[in-house]
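# Residue-level structural notes
Okay, here's what each chain looks like letter by letter:
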Amino acid sequence: MYTLLPVLNVFSRILFAFAFSFLVPLAWAWSEDHEQYRYVWEGAFALAALSGLAVWATTRRYRRELQARDGFLLVNLVWIVLPAYAAVPLLFTVPDIGWTKAYFESMSALTATGATALSGLDSLPVSVNVWRCFLQLMGGLGIMLLVVAVLPMLGLGGYQVYKAETPGPMKDAKFTPRIAETARGLWGVYFGFSVACMLAYRWAGMGWADAFMHMCTTMGLGGFSSHDASLGYFNSPMIEAVATVFMAMAGINFVRYFIVIRSRSLRPIVRDREIHSYVTVLLVSIGLIASLLVAHGVHDSAAEALRTSAFHVLSLATTTGYASTDYAQWPVFAPVLLMFLGCFVSCAGSTGGGIKMVRMVLLIKQARRELVRSIHPRVVNPVTMGGTVLPLSVMNATYGFMLIYGAVTMGLTMLLLFTGLDIVTAFSAVVATVNNIGPGLGLVGPASNFGVLGDFQIWVLSFAMLLGRLELLTVLVLFTGSFWRK
Amino acid sequence: MFMPFLRVFPVLGAIAMVFALTMLVPLGVSLWTHDGAGTAFPLAMLVTFMAGLLMRSAVWRVGPRLELQTRDGILLVGLVWTLLPLFASLPLLAYFSGTATPMSFTDAYFEAMSGLTTTGATVLTGLDALPGSINLWRCFLQWLGGMGILVLAVAILPMLGVGGSQLFRAESTGPMKEAKLTPRITETAKGLWSVYCLLSLACVAGYWLAGMPALDAWTHMFATLSLGGLSSHDSSFGYFQSPAMEWVAIVFMLLASCNFALYFVALTKRNPMRIWRDPEWRGSMALLIGSGLFIAGLLLVKGTLTDPAEAVRTALFNVVSIASTTGFSTVDYTTWPVFAPLFMILLSGIATSAGSTGAGIKMARMVILFKQAKREMSRIVHPRAVNPVTLGGHVVESATIFSVLGFMLVYGGVIIGLTLLLLLTDLPFDTAFSAVVASVNNMGPGLNEVGPAGNFAGLSDVQTWVCTVAMLLGRLEMLSFLVLFTPGFWRK
């Protein structure tokens with residue numbers, strides 16, 4: 001029997017480190033909430049730190065270097081157990097929340113989804129909103145590590161493509177040095193952008209608390225807000241512009257920035273095929289939706305239509321999920337296109353969710369190749385990326401990912417339909433959570449929230465967020481028999 | 001002039017001329033029953049025959065002993081399925097121009113395409129009042145379409161290697177390794193069409209014994225065997241209110257969802273076990289019958305129906321009808337709990353076997369995909385394990401798997417693209433999505449406006465054309481039609 005204990009040991013250290021993040025809302029509770037909720041944050045800190053220590057002490061004897069299989073378990077443990085700890089303070093601070101919604105909320109935060117089950121955000125204590133948003137920033141950190149350092153090692157879903165270009169010791173089979181190296185490089189860039197983003201929000205007219213919270217949810221491409229009306233609350237073109245720019249930047253692979261800074265040349269970004277497609281798709285969609293809005297008379301001036309369109313395209317396509325108006329009221333093509341964009345636009349190595357642009361590029365190249373092959377069966381035309389031929393295993397893994405992505409989306413939609421939800425709500429809720437976008441359509445549209453759903457439906461969607469964030473296979477592989485076999 | 005283009009014309013001409021002759025069937029019925037559609041058919045026949053003759057005359061340019069190549073095959077298939085609906089729409093146009101409600105060309109072409117692709121979506125209402133020969137023609141088109149598909153799926157597509165259809169080659173009849181199209185097609189046609197005709201006769205007899213009038217029996221047999229689903233009644237099979245007829249329909253829809261080559265092999269080898277052992281056959285049957293019973297249970301639990309026997313029959317009929325891409329209905333199943341209709345639509349994409357007259361992804365591809373997904377999962381844990389995908393004991397080549405995956409990709413892309421296109425014309429989401437899925441899978445009714453209680457008449461011209469293209473794409477397995485639009489195809 002395969003033993004969990006060495007993984008638990010590593011996990012206990014992560015949990016212990018995670019405990020310190022409770023100090024952030026604690027600080028805000030001191031300054032903004034008149035120390036009213038101090039005990040909640042202190043208690044949560046103590047709970048996480050002590051249970052981390054306890055697990056560490058009991059599993060100390062089983063320490064060993066982690067292997068690929070342990071990696072899967074660890075990643076799952078982190079994203080399943082940390083939301084539970086993160087949910088505890090919500091139980092004591094948000095009226096009538098209950099376990100289901102609290103867990104959903106913190107899962108939504110840590111997976112940088114941005115789907116909320118709460119209403120009346122404006123009247124919540126500042127420290128609670130800070131906590132929800134700060135979790136998204138932390139989720140973003142975790143995702144970056146996951147995608148750039150962990151998943152390629154596991155050979156998952158075609159991420160081997162990135163093996164060749166990530167910073168740090170590539171061929172090293174051991175996790176720890178690789179992860180440490182990556183963390184240093186990427187997190188540096190991430191924090192640099194975060195500070196710039198916060199200052200920009202402050203300059204555009206937000207208060208410090210709002211600037212901090214919205215910075216967290218912008219950089220994590222999460223989309224939580226401290227207001228029910230999301231960014232629409234501020235009603236400020238300036239703030240929307242800042243958000244648009246930083247979402248666009250956060251939707252790009254952070255490894256690229258890292259390389260740009262290290263090599264002091266813009267070439268890695270300008271020459272990148274994934275970024276080309278990213279920019280092209282975004283520009284075309286912005287134009288398309290803007291002209292639709294003008295044609296249907298939603299906006300009279302082209303400039304205003306362009307601004308609204310740019311903000312919402314960026315927000316949904318990068319899987320952030322801010323809204324400044326109820327875009328579900330737009331002509332039906334627009335909201336559906338926005339959801340669809342959320343499925344694939346963000347780049348791998350960003351904090352966005354979904355299929356990722358790099359896979360899309362690969363798939364389109366492969367589809368084109370199949371077309372050529374049906375005319376010239378004996379032609380040799382391997383799929384290339386940036387000049388190098390991709391091995392068959394990468395294509396196989398990419399396809400495997402797509403298959404399971406389609407099956408999961410369909411399966412979970414059928415499950416929700418079975419509970420009696422209508423098709424638009426069920427399908428959009430699944431798409432919004434599997435791709436970690438946030439708002440869906442119908443009952444769970446931008447003007448509403450996920451609190452209207454039943455408990456079972458909320459648990460299904462919590463699971464969907466987890467699946468999407470961990471690129472499906474990481475979770476599903478735990479359900480295969482061969483994983484647990486010796 | 002590009003040579004392949006010219007080379008296919010004589011063949012196309014011959015097909016058109018034969019097609020003109022098939023109009024004798026509704027013409028005969030019309031004359032026999034004096035139903036007032038008499039002039040429509042001779043006119044259409046004449047035009048079609050002359051057009052065929054004209055195309056046939058290209059033979060003087062290319063010489064009589066031409067041999068078709070792969071590329072010609074792709075082009076021919078594309079042209080057959082775009083031109084024949086044109087000819088097939090002529091009788092409809094001619095008949096309706098004489099009535100108070102003339103039919104637009106868009107609608108007539110849609111109806112004919114829906115017939116020849118065995119889809120079963122209709123833009124006509126008041127079917128019961130139409131002349132018997134017009135209804136017969138609509139359904140007879142489906143039967144002819146079914147014949148075309150059998151040859152297409154078993155003899156032509158595998159040669160072209162479209163979407164992993166190499167898979168289907170193993171079971172097909174006739175000389176396998178033969179590189180030339182013509183002998184292969186003749187051989188296949190002989191075998192499969194004889195099975196098809198035998199089953200058709202059995203089906204007519206079944207309907208007739210169950211009490212259907214002779215003309216209706218023939219009309220509905222045409223729509224059943226081809227898994228088409230057009231009917232001569234607005235309320236489809238619900239018109240008859242006859243359990244016996246419904247059971248006959250269930251049995252023959254199930255039979256027609258299987259690979260006809262399998263029947264042929266079993267007949268010639270006198271070994272019914274061949275059918276039983278086929279993994280695709282098992283998959284299709286288990287899924288169709290299992291889903292029918294599952295929905296029956298759902299209806300009983302939710303209290304939609306209370307009598308178990310009726311629930312089983314009604315659920316089986318409608319589930320099998322939609323899942324096998326037929327599209328008959330006895331009740332408005334969109335009033336069932338919302339899970340049921342969507343589940344049925346989902347099934348329509350996957351439940352039928354390759355080499356049947358059904359459409360969609362096909363069970364063979366699903367089996368491959370399922371095995372491939374399983375293999376990728378185990379590869380994550382054991383990266384160096386060698387575990388090839390097998391089907392019926394044979395290892396499936398990785399090129400084939402890639403074709404199947406490529407097909408899925410294009411299938412998904414087409415559905416999303418066409419749905420977005422329909423949304424752009426301001427159709428509601430569920431109508432748009434279900435109309436596209438119903439058309440691409442050649443199933444027929446969708447949901448809401450285009451559901452079993454409505455039809456496609458409410459769509460605008462643009463929307464109707466989008467659905468027409470969707471039916472064509474679905475029938476030709478996407479790639480064999482899309483490839484015509486790549487520059488590589490037209491290059492020397």
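### A look at the overall build of chain B
A tally of helices and strands in chain B yields 23 helices and two strands. The globule rule puts the C-alpha radius of gyration for 492 residues at 23 Å, and the 22 Å found for chain B is close to it. Counting only C-alpha atoms and orienting by the principal axes, one finds that chain B spans roughly 70 × 70 × 55 Å. A sequence separation of at least 24 residues applies to 71% of the contacts in chain B between residues at least 6 apart.

### Looking at the interface of chain A and chain B
Contacts between the two partners involve 41 residues from chain A, matched on the other side by 42 residues from chain B. Looking at the side of chain A that touches chain B, the elements with two or more residues in it are α14 (333–342), α15 (357–375), α16 (392–418), α17 (423–434), α19 (473–476) and α20 (481–484) of chain A. Per-element tally for the side of chain A that touches chain B: the top contributor is α16(A), with 12 residues. Here the side of chain A that touches chain B is built from residues that sort into 29 nonpolar, nine polar and three charged.

### Overview of the confidence of the model for chain B
With 92% of its residues at a pLDDT of 70 or more, chain B shows a mean pLDDT of 87. Both confidence scores are given for the complex: pTM 0.91, ipTM 0.88.

### Considering helix α18 (residues 363–381) of chain B
Over its 19 residues, α18(B) runs 28 Å from end to end, which matches the ideal 27 Å to within 8%, given 1.5 Å per residue. Listing the buried residues of α18(B) in full gives B:Met363, B:Ala364, B:Arg365, B:Met366, B:Val367, B:Ile368, B:Leu369, B:Gln372, B:Glu376, B:Arg379 and B:Ile380.

### Points about helix α13 (residues 260–268) of chain B
Those residues of α13(B) not exposed but buried are B:Phe260, B:Ala261, B:Leu262, B:Tyr263 and B:Phe264. Phi turns positive one or two residues past the end of α13(B), at B:Arg270, with a value near 50 degrees.

### Regarding unusual backbone geometry
Here A:Asn436, not a glycine, exhibits a phi torsion of approximately 55 degrees, which is positive. Structurally, A:Asn436 is set in the loop between α17 and α18 (455–469). Classification of A:Asn436 as buried rests on a count of 33 C-beta atoms within 10 Å. With a phi close to 50 degrees, B:Gln241 is a non-glycine residue in the positive phi region. When you line up the elements, B:Gln241 lands in the loop between α11 (214–225) and α12 (243–256).

### Description of the environment of A:Ala407
For A:Ala407, the position within the fold is in helix α16. The sequence separation of A:Ala407 and A:Thr474 amounts to 67 residues, and the corresponding C-alpha distance is 15 Å.

### Let's talk about the packing of helix α12 (residues 273–295) of chain A against α15(A)
All names here are of chain A. Between α12 and α15, the least distance of the axes is 9 Å, while the angle of their chain directions is 95 degrees. Relative to α15, the element α12 is oriented roughly perpendicular. Touching Arg-273, Glu-274, Ser-277 and Tyr-278 of α12 are Met-357, Val-358 and Val-361, all from α15. Considering only residue class, the contact of α12 with α15 consists of four nonpolar, one polar and two charged.

### Description of the environment of B:Arg138
For B:Arg138, the location among the structural elements is in helix α8 (residues 132–160). In this structure the C-alpha to C-alpha distance between B:Arg138 and B:Ala155, which are 17 residues apart in sequence, comes to 26 Å.

### Quick word on the packing of helix α7 (residues 105–116) of chain B against helix α21 (residues 461–475) of chain B
Residues and elements named next belong to chain B. Close contact between α7 and α21 brings their axes to 10 Å; oriented N to C, the two are set at 20 degrees. By the criterion of interaxial angle, the relationship of α7 to α21 is roughly parallel. In this structure, α7 crosses over α21, and the sense of that crossing is left-handed. For the pair α7 and α21, contact is made by Thr-106, Asp-107, Tyr-109, Phe-110, Met-113 and Ser-114 and by Asp-461, Thr-464, Trp-465, Cys-467, Thr-468, Met-471 and Leu-472, respectively. Looking at the contact of α7 with α21, its residues break down into seven nonpolar, four polar and two charged.

Rules behind the numbers
Residues numbered from 1 in each chain as written. Chains lettered and ligands numbered in written order. Predicted model: local features only at pLDDT ≥ 70, side-chain atom pairs only at ≥ 80, totals over all residues. Helix = DSSP H or I, 4+ residues; strand = E, 2+ residues; numbered from the N terminus. Rg over C-alpha atoms; globule rule 2.2 N^0.38 Å. Contact = placed C-beta atoms within 7 Å. Nonpolar A, V, L, I, M, F, W, Y, C, P; charged D, E, K, R; others polar. pLDDT = per-residue confidence, 0-100. Expected span 1.5 Å × (residues − 1). Buried ≥ 20, exposed ≤ 12 C-beta atoms within 10 Å, placed from the backbone. Axes fitted to C-alpha atoms, helices over the stretch in contact; angles between N-to-C directions. Parallel < 35°, antiparallel > 145°, perpendicular 65-115°, else oblique. Left-handed = near helix turned anticlockwise from the far one by under 90°.

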